[in-house]
Structures are given as C-alpha cells and as structure tokens.
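Each chain is listed here by its residues.
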Number of protein chains: 2
Amino acid sequence: MDRVLLSHGAGGREMGELIRRVFLAAYGSEGFQPDDSAVLKLEGPEIAFTTDAFVVDPLFFPGGDIGRLAVAGTVNDLLTAGARPLALSASFIIEEGFAIPELQEIARSMAQTATEAGVAIATGDTKVVPRGSADRLFITTSGVGRVLVQGISGAKARAGDRVILTGSVGDHGTAVMLAREKLLEGENIASDAAPLNELVMNLLTHDLPVHAMRDPTRGGVAAALNEIARQSQICLEIDEAMIPVSPGVEAACEALGLDVLQVANEGKMLIFVAPEAAETALTIIRNSRYGQDAQIIGTAQPTPAGRVHLRTQIGTARILNPPSGELLPRIC
Amino acid sequence: MDRVLLSHGAGGREMGELIRRVFLAAYGSEGFQPDDSAVLKLEGPEIAFTTDAFVVDPLFFPGGDIGRLAVAGTVNDLLTAGARPLALSASFIIEEGFAIPELQEIARSMAQTATEAGVAIATGDTKVVPRGSADRLFITTSGVGRVLVQGISGAKARAGDRVILTGSVGDHGTAVMLAREKLLEGENIASDAAPLNELVMNLLTHDLPVHAMRDPTRGGVAAALNEIARQSQICLEIDEAMIPVSPGVEAACEALGLDVLQVANEGKMLIFVAPEAAETALTIIRNSRYGQDAQIIGTAQPTPAGRVHLRTQIGTARILNPPSGELLPRIC
C-alpha cells in the first residue's frame, strides 16, 4: 500500500497502521504518546497537550458546527488525561471566497463552547488557500491542560474496572451523515458535540479511582474500547443491552447500513473506574451536565488480553473488532 | 467585504483586519494574545503556547520541505516568547491518494528538525479527506515551551533598542516561488527554514536585555517590523544598507517584481536588545548556528509611534508600510 486511502483516516485498524508505519517510524516511540493527550513533565505540574484537525462536512449540522466540534473535541481529549483544560489554540485553513459571516458564526460558536468549557482560546493562525485547494474550511485546535490526577491513561485500566458510558451512542456521526446526504429531514437527530469538563471535573474532584478515560469519536465505541483493551492488556466484557441508543439513531443507522457502535460521538466519554466506586461515579455523572443517561456497560477481565467481548441483546456473544474500512469520511 | 480573499491570508494589513473582525470579535481580547506565542501562567512556571498551519506549495523545495518548515516555524514562535521549546504536536490533513513514501519523507524531515531543535513531537492527529477536498497535504503544528526569561514580547521593545537581524532576507519565499513556477532552475537559491533554538538560547542564557523578538515569516521583515512598532508604540529607524540580501535572491525578486522586504523568511529572527548589550548580542549571534551573517539594522526611537522609517541604499528616507494585497499565497 503506497497511497493514502480514506480508510487510513477512519479511526480504525488502517489508521493505526499508517501512524505506526509513517509517524511512529519517523518520530520514535519515546517522545510520541499514543493517548489522546500527551503528558509533559515540568519541574512543577504536569501539563497535558493535545491536537486535532477538524474537516467535517457539512460545516453546520443539527446540534453543532465545526467550531463547537473543534473546541469540544480538544477539551475532551485533555480531560482524558485527567487534566483541567487551560487554553486552546485555533488554526484555520480557509478556502478563498469563504463567506465571512459564516466564519464569524463559527468563531462565535467556538467562543461560546470555550466559555462553557471554562477555557481560553489563547492563540491562533490563519491561512487562506486559493479556490479549489481546500474544501471551504478546516480547523485544527490544540490544547494544554493542567493534570489534576496523575496516571490516568488508556494504558491504566485494570481487571475488575467497571466501564461507564456517559450517554447514548451514534448521535454525532448519524446527524452529520443525514445532514450531508440531506436525508430524513425532519427527523429529530442531533449531534451530541459538547465539552465534558463539568462531568469529568466532578469525578476528579471527588477523588474517585478513575483509571482510564477515552472519548469515543472516530471509529465509535468499538474503536475506543479496543484501544483501551489493547493498551491496558485486558479483556472488556460489554453488555450491548446497556449501551443507550436513541430510537431515531438506531433507525437511521439501520437504514444507512451503519454499525452504531462504529459511529462517531463528540460528547461522550468511556470511563474506567474501580468496582467499589462504580455506583458513586455513576451517580455523580448522572447528576452532571451531559451525563443523565450514563450507564455501566461492562467490566474489565484479565484475559484474553486485548479483546472486547460483546454480549448481544439477543443473548449471544461475539468479539467486537476494531472497525476497519472507510467508515464515514469527514465526520469530524 | 463578505468573502475571504487571498489577501486575508498574506500576513499583511488585510489579515490583521480579518483577525480583528472575526476572531478577536468572537474570542474577546482578554484571553487571546496577539504575539506569535501565548503565555500561560500556571502557579509554577510560565508556559508558552503557539500554533501554525502550513499549506506551502510545493511540498518539497530547495532547502527544505513542509515538514522542516512546520517544525522550525513552531519552534521559532516559541522562542519569540523567551521560551525553551518542550514539545510539539503535529496534525495532518491528507488528500486521499497521497503517496505514503512522500509522507514518510516528510515525517522523517520533521523528526530530524525536531531533533535539531531538541524538542519532542509528543502528540498528533491524522485526517484523510476525499480526493479534491484538499490539495495533497496540510500540516498544523502546535508547541509548548517553558518561559526562561519572562516579559519578552512584541509589545516590549523600547526607544533606544538596537534591532538585530540574524541573517539574509527573502531566501524562503523566493526559493518556494521559483520552485513552484519552475523558474530559474540551476540558480542557487534555497529556503532558510531552520530552528533557531541554539541562537536564541545562547542569548537568553547570557542574560542579555532582550526586549522583543519576532521571526519575519509571512509578510517578511516589513510586516514584522511594523507589528513591533505598533505593539510597542515606538518608531523604528532601519538602515536598508545593513539588511543582508544574497545576490541571487535580489536578482530573482527583481525579476519577479517582489519587494524582498515583504518576502517570507523561515530561519531568521528580529531581535530588539538594549543599546549597551547590542554588540555583545551580535557577537553571540554570529557565533551561533544560522547567525553568522547577523547585522544591527536599526534603532528604536520614541516617535512617531507605530511607524517604520527606512533609510534607503541611495540615501533617501521612506516610510516602510506593512504589506497589503495578495503577496504570495501558500508560501508557508
């Protein structure tokens, strides 16, 4: 394979291969950290540091826009390192001819989402490329945060941990697909794009034994669970019946031929917590903004390491593989 | 004006207007910092934080490539805040079909430049967009650094300061233009893209009274000098005869109708230092990598504030305005 394929960007198996073959091969694996945020050790506090590019199409969709998505996505990635978000950067690549009122609307949406997340947009960059060199607008946000609870990482989930999912799955990806294809207008399906700082900070300030967190974005819950199982060398036993899916999303995914567990979410978190604290954590999450539908969806077992088992709604068991293939390009 | 124009991305007057009208208007001016790096105050050390998108065309050019450019540009922006670069992020937007060997070459170039700069690439992101949605490859790098000397800012130059330019101007922009237009092949013109950490760290560890630094990238020395004059509310008296320009670059700019003072540099720094330390600083810079051709090119005066005066080679004086218009799209 000597060309980049859409599947290389889909958040699944092929993206992992591309990262290993190209980026880890070049950068080395000491400095580069596979979690969503890198943690930098200063003499004083630890700093979390993350980046994400946003290429979503369309730019505006039910429940959000590229600006809200960019801020929420970066805030949520900082949270996964147990960090309080401090500041964001916002870098724009704009196609010549883009409407300035739309750009202003997107910048306002970013500012509102940043205010909601209690974080400043501290620095930025603006590039304009000639017509045809980019499709309207791409935004890359980076973020720094102060690590409040050290050692939370995708590699730190343990056998016995309970897996909490903070709400329904599939909303973002389904909303964007329907908006892009101009399908099912009138259906009440909206992106869940949201910054989860209140929810995660409530957990961390209660000093609960949270071991790992991951926001299930590209590749959905299927990708995120497989990443944690592999990084932490545990087996995850997931109960499909406990995974909340809204009826509209379920119907739309069926109609579009999508596996809702592979569809991107932008306002959800998977949280791995020690069993004795699971019910307390669940109560805190359900009392937090964006957490009212949270569920304990499974348990971590010691073996077979790196595997995710799904107990289906009809009672059978199957292996939940990491997604592969093209999935949904430009979903975030 | 309700559409984004190429001139909005050129680093001159129009870009400033776009940033004010769209981004500052939305984000507010308390959190957002107009310098190339934001400075974040923690309880412990101060952290510098910066971002830049790179959309250069072509991706490979004499003297460098988009990868070297992305790392050097972000390292140099951190340096302007008096910070030692600690870690970079690298976010890729890749057009479907891009050749993986080229991507590997670019990643290796980034790794080499990062090693040269003593900085880790700590985190990243990869998006792939369908063919035609982006022109081959865009990279956004962000960086964090630890502030070694507090208070260095584009707003802190003072009357009396000497202005040091660390080497010749116009090399990067001219090299990219010639490569893009496939002109003047065989001419020995190469980009100056380079990380200036050794040079700047040598100054800072000698505890010299450096007040402001700026790397003259998009919009060239003309843009950078005008920014500092405006931010610091001083007048800069610049002696054109002292600005080093290589003969090949001078000839190429004349042939292309470019003002070499408006052409982008990617391995140069403008350094504002108290007069009593100027000669010592110049010696240190000339003994540093990438600084052997440094010159004192001018002096800061108290009035007229915000103005840059150029004493030309033929002895006349003129106002050096900030660039405006399209300049050179996709130069960095």
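This one's a predicted model, so the numbers in the text were calculated from it and none came from an experiment.

Engineer: Describe the overall build of chain A, listing the residues and the values that go with them.
Structural biologist: A count of helices and strands for chain A gives eight helices and 14 strands. Computed over its C-alpha atoms, the radius of gyration of chain A comes to 19 Å, within 12% of the 20 Å expected for a compact globule of 332 residues. Seen through its principal axes, chain A has C-alpha atoms that stretch 55 × 55 × 45 Å. Counting the 332 residues in chain A, one finds 62% classified as buried. In chain A, of all internal contacts separated by at least 6 residues, the share reaching a separation of at least 24 is 84%. When the accessible surface of chain A is split by element, carbon and sulfur atoms take 47% of a total near 11800 Å². Measuring between centres, the 27 positive side-chain charges of chain A sit 3 Å from its 40 negative side-chain charges.

Engineer: Account for the relation of the copies chain A and chain B, naming residues and giving values.
Structural biologist: The transformation that overlays chain A on chain B combines an axial shift of 0.0 Å with a rotation of 180°, and the residual RMSD is 0.0 Å. Look at the turn and shift together and you get a two-fold axis relating the two. Identified as the residue of chain A closest to the rotation axis by C-alpha distance is A:Ala134, at 2.1 Å. Same-surface contact between copies: 100% of interface residues of chain A are shared with the interface of chain B.

Engineer: Tell me about the pairing of strand E8 (residues 162–165) of chain A, and name the residues and values.
Structural biologist: Residues and elements named next belong to chain A. One ladder, built from four bridges, connects E8 with strand E11 (residues 270–273); its direction is antiparallel. By the bridge assignment, Val 163 is partnered in E11 with Phe 272. One ladder, built from four bridges, connects E8 with strand E12 (residues 295–301); its direction is antiparallel. Residue Val 163 lies in a different strand from E12, and its bridge partner there is Gly 298.

Engineer: Could you give an account of the sheet that holds E11(A), with specific residues and numbers?
Structural biologist: Residues and elements named next belong to chain A. Here we have seven strands laid out as an open sheet, ordered E9-E11-E8-E12-E10-E13-E14, and mixed in their pairing. With partners counted over all chains shown, the strands left at the sheet margins are strand E9 (210–214) and strand E14 (317–319), one partner each. On average, each strand axis in the sheet is inclined to that of its neighbour by 25°, with strand direction left out of account.

Engineer: Summarise the packing of helix H4 (residues 171–181) of chain B against helix H7 (residues 247–256) of chain B; cite the residues concerned and give the values.
Structural biologist: Residues and elements named next belong to chain B. Contact geometry of H4 with H7 gives a least axis separation of 10 Å together with a crossing angle of 55°. What the angle tells us is that H4 and H7 run oblique. Taken as a pair, H4 and H7 cross one another with a handedness that is left-handed. Across the interface between the two elements, Asp 171, Thr 174, Met 177 and Leu 178 of H4 pack against Val 249, Ala 252, Cys 253 and Leu 256 of H7.

Engineer: Describe the environment of A:Ile234, listing the residues and the values that go with them.
Structural biologist: Residues and elements named next belong to chain A. Among the structural elements, Ile 234 can be located in the loop between helix H6 (220–232) and strand E10 (235–239). According to the relative accessible area criterion, Ile 234 is buried, its value standing at 4%. Separated by 104 residues in sequence, Ile 234 and Pro 130 place their C-alpha atoms 49 Å apart. Ignoring any residue separated from it by four or fewer positions in sequence, one finds Ile 234 in contact with Ala 157, Arg 158, Ala 159, Ile 228, Ala 229, Ala 300, Gln 301, Pro 302, Pro 304, Ala 305, Gly 306 and Arg 307.

Engineer: A description of the packing of helix H1 (residues 13–27) of chain A against helix H3 (residues 100–117) of chain B should follow, citing residues and the corresponding values.
Structural biologist: Packing of H1(A) against H3(B) leaves a shortest axis separation of 7 Å and a crossing angle of 30°. What the angle tells us is that H1(A) and H3(B) run roughly parallel. Handedness of the crossing formed by H1(A) with H3(B): right-handed. Residues A:Leu18, A:Arg21, A:Val22, A:Phe23, A:Ala26 and A:Tyr27 of H1(A) pack against B:Ile100, B:Leu103, B:Gln104, B:Ala107, B:Arg108, B:Met110 and B:Ala111 of H3(B). A breakdown of the residues in the contact of H1(A) with H3(B) according to their chemical character gives ten nonpolar, one polar and two charged.

Engineer: Describe the interface of chain A and chain B, listing the residues and the values that go with them.
Structural biologist: Opposite the 80 residues of chain A that make contact, chain B presents 80 residues. Together, the buried faces of chain A and chain B total about 6500 Å²; carbon and sulfur atoms form 69% of this surface. At the boundary of chain A with chain B, the tally comes to four salt bridges. Across the pair B:Asp52 and A:Lys127 runs a salt bridge, and its minimum N-O distance is 3.9 Å. If you look at where chain A meets chain B, you find 26 residue pairs in polar contact (both at pLDDT 80 or more). In terms of residue class, the side of chain A that touches chain B is made up of 46 nonpolar, 18 polar and 16 charged.

Engineer: Residues and numbers for the packing of aromatic side chains, please.
Structural biologist: Both the distance between ring centres and the angle between the ring planes are used here to describe each pair of aromatic rings. Applying the stated criterion to the full structure yields one aromatic pair over all chains. Consider the rings of A:Phe138 and B:Phe138, whose centres lie 6.3 Å apart with planes at 50°: the pair is tilted. Separated into two different chains, A:Phe138 in strand E7 (residues 137–147) and B:Phe138 in strand E7 (residues 137–147) make up a pair that spans both. Judged by its relative accessible area of 1%, A:Phe138 is buried. Sitting above the plane of the B:Phe54 ring, A:Lys127 keeps its charged end 5.6 Å from the centroid.

Engineer: Which residues make up the pattern of salt bridges, and what values do they have?
Structural biologist: Within the structure shown, the criterion is met by 26 salt bridges over all chains. A salt bridge links B:Asp57 to B:Arg136; its shortest N-O distance comes to 2.9 Å. You can see B:Asp57 sitting in the loop between strand E2 (46–54) and strand E3 (60–61) and its partner B:Arg136 sitting in the loop between strand E6 (120–129) and E7, a full 79 residues away along the chain. On the accessibility criterion, B:Arg136 (27% relative accessible area) is partly exposed. Several salt bridges share partner residues, and in doing so they unite A:Asp57, A:Asp135, A:Arg136, A:Arg180 and A:Arg330 into one network.

Engineer: Which residues make up the nonpolar core, and what are the values?
Structural biologist: In terms of nonpolar packing, the biggest core is built from 69 residues, with A:Tyr27, B:Phe92, B:Leu103, B:Met110, B:Leu137, B:Ile164 and B:Ile271 touching the most fellow members. Counting residues per element, this core draws most heavily on H3(B), at eight residues. Core analysis: the next-biggest nonpolar cluster, separate from the first, contains 68 residues, A:Leu88, A:Ala90, A:Met177 and A:Met269 among them.

Engineer: Give me the lowdown on the confidence of the model for chain A, citing residues and values where you can.
Structural biologist: Per-chain confidence: chain A averages 91 in pLDDT, with 94% of residues scoring 70 or above. Scoring the predicted complex yields pTM 0.93 and, for the interface, ipTM 0.93.

Engineer: Let's hear about the environment of B:Arg146: which residues, and what values?
Structural biologist: Structurally, the position occupied by B:Arg146 is in strand E7. A relative accessible area of 22% places B:Arg146 in the partly exposed class.

Engineer: Outline the side chain of A:His172, supporting the account with residue identities and numerical values.
Structural biologist: Residue and element names in this part refer to chain A. For His 172, the position within the fold is in helix H4 (residues 171–181). Residue class for His 172 comes out buried when judged on its relative accessible area of 0%. One polar contact links His 172 to Ser 191, side chain to side chain, over a distance of 2.8 Å. Within the local environment of His 172, its side chain forms a polar contact with the backbone oxygen of Ile 331, the two atoms lying 2.7 Å apart. Those residues within four positions of His 172 in sequence are excluded, and the remaining contacts are Phe 61, Leu 69, Ser 191, Asp 192, Ala 264, Asn 265, Glu 266, Ile 331 and Cys 332.

The rules behind these values
Residues numbered from 1 in each chain as written. Chains lettered and ligands numbered in written order. Predicted model: local features only at pLDDT ≥ 70, side-chain atom pairs only at ≥ 80, totals over all residues. Heavy atoms only, no water. Helix = DSSP H or I, 4+ residues; strand = E, 2+ residues; numbered from the N terminus. Rg over C-alpha atoms; globule rule 2.2 N^0.38 Å. Buried < 20%, exposed > 50% of the residue type's maximum accessible area, 1.4 Å probe, protein only. Contact = heavy atoms within 4.5 Å. Areas by Shrake-Rupley, 256 points an atom, 1.4 Å probe, with all protein chains shown as cover. Lys, Arg positive; Asp, Glu negative; His and termini not counted. Charge placed at Lys NZ, Arg CZ, Asp CG, Glu CD. Least-squares fit on C-alpha atoms with pLDDT ≥ 70 in both. Pairing = 2+ DSSP bridges. Axes fitted to C-alpha atoms, helices over the stretch in contact; angles between N-to-C directions. Parallel < 35°, antiparallel > 145°, perpendicular 65-115°, else oblique. Left-handed = near helix turned anticlockwise from the far one by under 90°. Nonpolar A, V, L, I, M, F, W, Y, C, P; charged D, E, K, R; others polar. Buried area = accessible area lost by both parts, 1.4 Å probe. Salt bridge = Lys/Arg side-chain N within 4 Å of Asp/Glu carboxyl O. Polar contact = N/O pair within 3.5 Å; in protein donor to acceptor, adjacent residues only side chain to side chain. Phe/Tyr/Trp six-rings, centres within 6.5 Å; stacked < 30°, edge-to-face > 60°. Lys NZ or Arg CZ within 6 Å of the ring centre and 35° of its normal. Core = buried A, V, L, I, M, F, W, Y, C linked by side-chain atoms within 4.5 Å. pLDDT = per-residue confidence, 0-100.

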